[in-house]
Structure formats: C-alpha cells, structure tokens
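Chain by chain, the residues:
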Amino acid sequence: MATQVLWFRRDLRLTDHAALLAAASAAGDDGVVPLFVLDPALLRPSGAPRVAFLLRSLRALDADLRRHGPGLVVRSGRPEDVLPEFVAEAGAEAVHVSADFGPYGAERDRRVEDVLEVPLVRTGSPYAVAPGRVLTGGGTPYRVFTPFLKAWLAHGWRAPAASDAGATVWRGLPSEGIPDDPDLDGTVLPEAGEAAAHGAWSEFLDRLPDYAQERDRPDLDSTSRLSAYLKIGAIHPRTLLADLGPDDTTYRAELAWREFYADVLHHQPESARSSLHPELDGLPWAGGDLLAERLAAWAEGRTGYPLVDAGMRQLRAEGWMHNRVRMLVASFLVKDLKVEWRHGARHFMTRLVDGDLASNQHGWQWTAGCGTDASPYFRIFNPVTQSRRFDPSGDYIRRWVPELRDLGPKEIHEPWRAGPPDGYPAPIVDHGEERASALAAYDELRRGR
C-alpha cells in the first residue's frame, strides 16, 4: 500500500463516493491526500453564481474533511501542470478520480494522463449509468429519450458506494486556500455542501407523492431543487434512486433526462455548440440592434408577458428557475423573439447555479426544435396559456413581478387588455403573429431543401 491522491471534481462529497472507496482501499495506513484544482479554463466561462456555489461547496467539503483529519488541499493552475508536481510532493503512487465524460473533462484527463508518471484511476462517475453504457440493439447511441429511458431502466445501476470518510486515513499538504466569493449582485444561492444536499433530499421525500401531479406548477414548492447539488456532486443520483419506490416513475424519469443528455453529449461533443439539426440554423434570426434589444428585454424580465418575465427575474434573483418556466422562456426567446438558441443557452450558463453543459445545451435545443425531439419545431409554447394553466392564481407572477401584484387571477395573465400598470411594459411582440411567422419560416426552409 502507498499514499494515494483523491482529485475531487464534480464529486464534492464523502458518502456514496466510489473513487474515495478505491483510494482508501489502495492507500491503507499510508493515507489519502484530498485535492481540488482551481482550473482557470473552467472558472473563466462560469458565471458568478456557479463560481460562488463551487467555492462554498469547497468550504463545506473542507469542513467535513477536518472532522476526520487534515482538510482539503487546494491548488490553482492547469491540471496537467499541477498534478505531476503534486504527486511528487505527496509521494503518491496513483491519482483517483470519478470519470468525467464531458468534452473538456475527458480531454483534460487525457492530457493529465499523458504527463503523470503514476496511474490515473477512474472509478465511478457523476451518473447512475455512465455515458456510453446504454446503446441500441445495433450498438448505436440513442437519439430519442423514451427508448433511452426504457434501456436505462433495464440496464440498472449499482447500489450506493460504501465509502467511509471516518475509516479513511487522510494526509494533509500545504494548501493555497479557497478564494473569496465573487460579487453576486444580489443573487441568493442555496446552502452549499453535502449535508445541505441530503437535507434538501430528505425534505423533498415528504413532497414526493405529489410530485407527478404538481411538478409543472411554479407557484408550488413541488420540485426537489437538487439540480445544483447534482451538478456539483454534493449528492449522487444513485443515492436518490436508492430511496425511490416502484411508483416514483416520474421523478426517476427526470433523473434519466440528465443522464440522457450526458450520453448525447458524450457521443456528440460538438453538440455543446452546434445544433443536432443544423439545417434549422438557416431560419431567419434577429440580428444587430434588434437582437440586442430583444435579448436585453428577455434577460431583464421586461417582455410584457408575465410568466416569462417572472421566470427571468427569478433567474436573476436565485440563479435558478422552475423547469416548466425554463421551457417557456426558451421557447419565447427562440420562436417569438427569433433569437437563435445559443444566445439563450449562453445567458443561462452565466446565470444558473446549476448550469450543466449537457442538460443546458440540449434542453435549449429540444425547446428550439433542433435537438433530440422526434417532432421538434412545431412545439411553440403560448405564454398566456402556459401562465393560466400552470400559475392559475398568478401567485408565482406576483412574487417576481411586483408591478402586477394588485391584479386579479384573470387579469394578471394578460395585463395589456386593461392597460398594463405603470412601470410594466406592453408585450414586446404579438405571440399569435410570431407563432405564425415561425411556422411559415420553417415551412419555407423545408421546401427549399
């Protein structure tokens, strides 16, 4: 046995941690050195909410480690520069990681492996079923969710890993420390750390029986809000799946969507930036001053459509948005405002605390009609119909759009009919007209192929 390095990435926890279990087993009494590398290539494009939540999660992990020995060792720089020096400093015989299947992470790990003189040992991943494991009968990746879900369920997953931080011998080395949070400009983030993740999960289990019926209601506290914890790895999806019963099919399927999109990105890494159906890039998109004006109105929550504006203001305030509203605001930007999906996806990745490349980019493409959906472009969300159906009393709108708080449950969904209150804009576009023009443009594009 010999000293091992455990390089934390998207797995900032100590329980249900397969790589920790492997490192502890290989190290024995020679100890495991816990390391996190502040990689500028990942920090630069991340928005302040995501960076702040990462730093807070690192502080929580450091505190958890100090209950068992030395704390987290933090170093800055390119991993391929940091890891060889760190391994020599620690006298380690291996570096243990949870496998990363993202485009950047996979390439980064190949670069690190090329320069390390010790093995880079991959054990586990951020997913219940690692990307690439679920294939069609012909050995090809799935392109549509429903058949993927059936195969994913049939494949199954391991039980939670029996990692034990208390039984692990930890070794310390000098650390640079964890930087201060960036300026959040008023955004309020969820509590960080593994304990907070498990607390949120425990609270949600009480609401789980109503999840299938209420999950599309942004006015109700009906979702788990675990997306940020899953993104950072403060809790593993395998832990959640182990607590689900046979009737919890809807929530299980929501976890599968995350794994489906990770699988799509693994097989087609170019889809992080490019449309899965690039022919739709030829639609007429807003440009120049019109693009800037429409994108700003949408981002600031002043489109004149209450549910759209409520969602965008929630995003600015919390770094999070209800999933039903995410689909609506994405559809509105692309189909009503004629803004190409990449602009919206980029804004989300800047503002979201749970910004996950695979889920974000492919969620946007699904809504825009250029992604994995089998009948893509014809789905155009009506912002008024969605508002009446999923926020029937207008409580969600009133919370985030105070200009409309005095309106009744009928008027609040279409405030322009009686003249919008002072300070609230008239609709930026007419939805009916924009829907018709979007479909006409799509028909023209198809005929021109």
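Everything below is about the structure shown above.
Numbering of residues begins from 1 in every chain and follows the order in which that chain's sequence is written. Per-residue local features of the predicted model are confined to residues with pLDDT of at least 70, and side-chain atom pairs are confined, for both listing and counting, to 80 or more; whole-chain, interface and lining totals are unaffected and use all residues. The side-chain numbers reported here are obtained from all heavy atoms of the structure, hydrogens and water having been left aside.

Let's talk about the pairing of strand β2 (residues 32-38)
Okay, so step 1: Only protein chains enter the accessibility calculation, which uses a 1.4 Å probe. A residue is then buried if its area is under 20% of the maximum for its type, exposed if over 50%, and partly exposed in between. In this description a helix means any DSSP run of H or I spanning at least four residues, a strand means any run of E spanning at least two, and both kinds are numbered starting from the N terminus. The element β2 is extensively covered by neighbouring structure, given that seven of its seven residues are classed as buried.
Okay, so step 2: Covered by surrounding structure in β2 are Val32, Pro34, Phe36 and Leu38 together with Val33, Leu35 and Val37, the residues of both alternating faces.
Okay, so step 3: As defined by bridge partners, strand β1 (residues 4-8) adjoins β2 across five bridges and the pair is classed as parallel. By the bridge assignment, Leu6 is partnered in β2 with Pro34.
Okay, so step 4: As judged from the four bridges shared by β2 and strand β3 (residues 73-76), these two strands associate in the parallel manner. The residue of β3 that forms the bridge with Leu35 is Val73. Two strands qualify as a pair provided DSSP detects at least 2 bridges between them.

Description of the nonpolar core
Okay, so step 1: Grouped together as the largest cluster of nonpolar side chains are 107 residues, with contacts concentrated most on Trp152, Tyr229, Tyr251, Trp298, Phe348 and Trp364.
Okay, so step 2: Two residues qualify as a contact provided that any one of their heavy atoms is within 4.5 Å of a heavy atom in the partner residue. Aside from chain neighbours lying at most four places away, what touches Phe348 is Trp298, Met312, Leu315, Met321, Arg326, Val329, Asn360 and Trp364.
Okay, so step 3: Buried Ala, Val, Leu, Ile, Met, Phe, Trp, Tyr and Cys residues that are joined via side-chain atoms within 4.5 Å together make up what is termed a nonpolar core. Core analysis: the next-biggest nonpolar cluster, separate from the first, contains 19 residues, Val37, Leu83, Phe86 and Leu173 among them.

Details of the side chain of His347
Okay, so step 1: Looking at the element boundaries, His347 is found in helix α15 (residues 341-351).
Okay, so step 2: The residues touching His347, leaving out its near neighbours within four places in the chain, are Trp298, Ala299, Met312 and Leu315.

Section: the pattern of salt bridges
If the charged atoms of two oppositely charged side chains come close together, the side chains can form a pair.
Okay, so step 1: Whenever Lys or Arg places a side-chain nitrogen within 4 Å of a carboxyl oxygen from Asp or Glu, that contact is recorded as a salt bridge. Considering all chains together, one arrives at 30 salt bridges under this definition.
Okay, so step 2: Between Arg342 and Glu340 there is a salt bridge, with the nearest N and O atoms lying 2.1 Å from each other.
Okay, so step 3: Arg342 sits in the partly exposed class, given a relative accessible area of 23%.
Okay, so step 4: A relative accessible area of 10% places Glu340 in the buried class.
Okay, so step 5: A salt bridge links Arg398 to Asp395, with the shortest nitrogen-to-oxygen separation between them at 3.3 Å. One end of the pair, Arg398, and the other, Asp395, are both in helix α18 (residues 395-400), three residues apart, so they sit about a helical turn from each other.
Okay, so step 6: A residue is classified by how much of its surface remains accessible, and Arg398, at 17% relative accessible area, is buried.

Focus on the sheet that holds β3
Okay, so step 1: Across the sheet, five strands lie side by side as β3-β2-β1-β4-β5; this open sheet has parallel pairing. The open sheet is flanked by β3 and β5 (120-122), the only strands paired with a single partner. This sheet shows a mean twist of 30° between the axes of neighbouring strands, independent of strand direction.
Okay, so step 2: Packed on one face of the sheet, helix α5 (residues 103-115) meets β1 and β5 and runs near 145° to β5. Every axis in this analysis is a line fitted to C-alpha atoms, fitted for helices over the stretch in contact. Angles between the N-to-C directions lie between 0 and 180 degrees.

Observations concerning the packing of aromatic side chains
Okay, so step 1: Each aromatic pair joins two rings of Phe, Tyr and Trp (for Trp, the six-membered one) with centres within 6.5 Å, and gets the label stacked for planes under 30 degrees apart, edge-to-face for over 60, and tilted for any other angle. According to the stated counting rule, one finds 19 aromatic pairs in the structure shown.
Okay, so step 2: Between Tyr211 and Tyr251 the ring centres are 5.2 Å apart and the planes differ by 75°, which places this aromatic pair in the edge-to-face class. Note that Tyr211 is positioned in helix α8 (residues 211-214) and Tyr251 in helix α11 (residues 249-267), a separation of 40 residues in sequence. Tyr251 matches Tyr211 in its accessibility class, with the two residues each being buried.
Okay, so step 3: With a centroid separation of 5.9 Å and 75° between ring planes, the pair formed by Trp298 and Trp364 is classed as edge-to-face. Here Trp298, found in helix α12 (residues 288-299), pairs with Trp364, found in helix α16 (residues 357-368); they are 66 residues apart in sequence, far enough to count as distant. The same class applies to Trp298 and to Trp364, which are both buried.
Okay, so step 4: Through pairs of rings, three or more aromatic residues link up here, namely Tyr142, Phe145, Phe148, Trp257, Phe260 and Tyr261.
Okay, so step 5: For a Lys NZ or an Arg CZ to count as sitting over a ring, it must be within 6 Å of the ring centre and within 35 degrees of the ring normal. Directly above the ring of Trp7 sits Arg9, whose terminal nitrogen or CZ lies 4.4 Å from the centroid.
Okay, so step 6: Cation over ring: Arg225 sits above Trp320, and NZ or CZ is 3.8 Å from the ring centre.

Notes on the packing of helix α13 (residues 306-318) against α15
Okay, so step 1: Interaxial distance between α13 and α15 falls to 9 Å at its minimum, and their mutual angle equals 35°. Facing Met312, Leu315 and Arg316 of α13, the residues of α15 in contact are His347, Phe348 and Arg351.
Okay, so step 2: Its residues placed into classes, the contact of α13 with α15 shows three nonpolar, one polar and two charged. Each residue receives one of three labels: charged for Asp, Glu, Lys and Arg, nonpolar for Ala, Val, Leu, Ile, Met, Phe, Trp, Tyr, Cys and Pro, and polar for the others, Gly being one of them.

Here we look at α16
Okay, so step 1: With twelve residues, α16 extends 16 Å from end C-alpha to end C-alpha; this agrees with the ideal 16 Å at 1.5 Å per step.
Okay, so step 2: Across the twelve residues of α16, nine count as buried, placing the element largely inside the fold.
Okay, so step 3: When we look at burial in α16, the residues that qualify are Ala358, Asn360, Gln361, His362, Trp364, Gln365, Trp366, Thr367 and Ala368.
Okay, so step 4: Considering only its buried residues, α16 is in contact with α11, α12, α14 (323-336) and α15. Under the convention used throughout, the expected extent of a helix is 1.5 Å for every residue step, that is, one less than its residue count.

A look at the packing of α12 against α15
Okay, so step 1: Contact pair α12 / α15: the axes reach a minimum separation of 12 Å and the direction vectors enclose 40°. As judged from the angle between their axes, α12 and α15 are oblique. Seen along the crossing, α12 lies across α15 with a hand that is right-handed. Between α12, through Leu291, Leu295, Trp298 and Ala299, and α15, the contact on the second element is made entirely by His343, Gly344, His347 and Phe348.
Okay, so step 2: Among the residues making up the contact of α12 with α15, the classes are represented as five nonpolar, three polar and no charged. We call two directions roughly parallel when the angle between them is under 35 degrees, roughly antiparallel when it is over 145, roughly perpendicular when it lies between 65 and 115, and oblique otherwise. Each crossing gets its hand from how the near helix is turned against the far one by less than a right angle, where anticlockwise is left-handed and clockwise is right-handed.

Shape is all these values report; function is a separate question.
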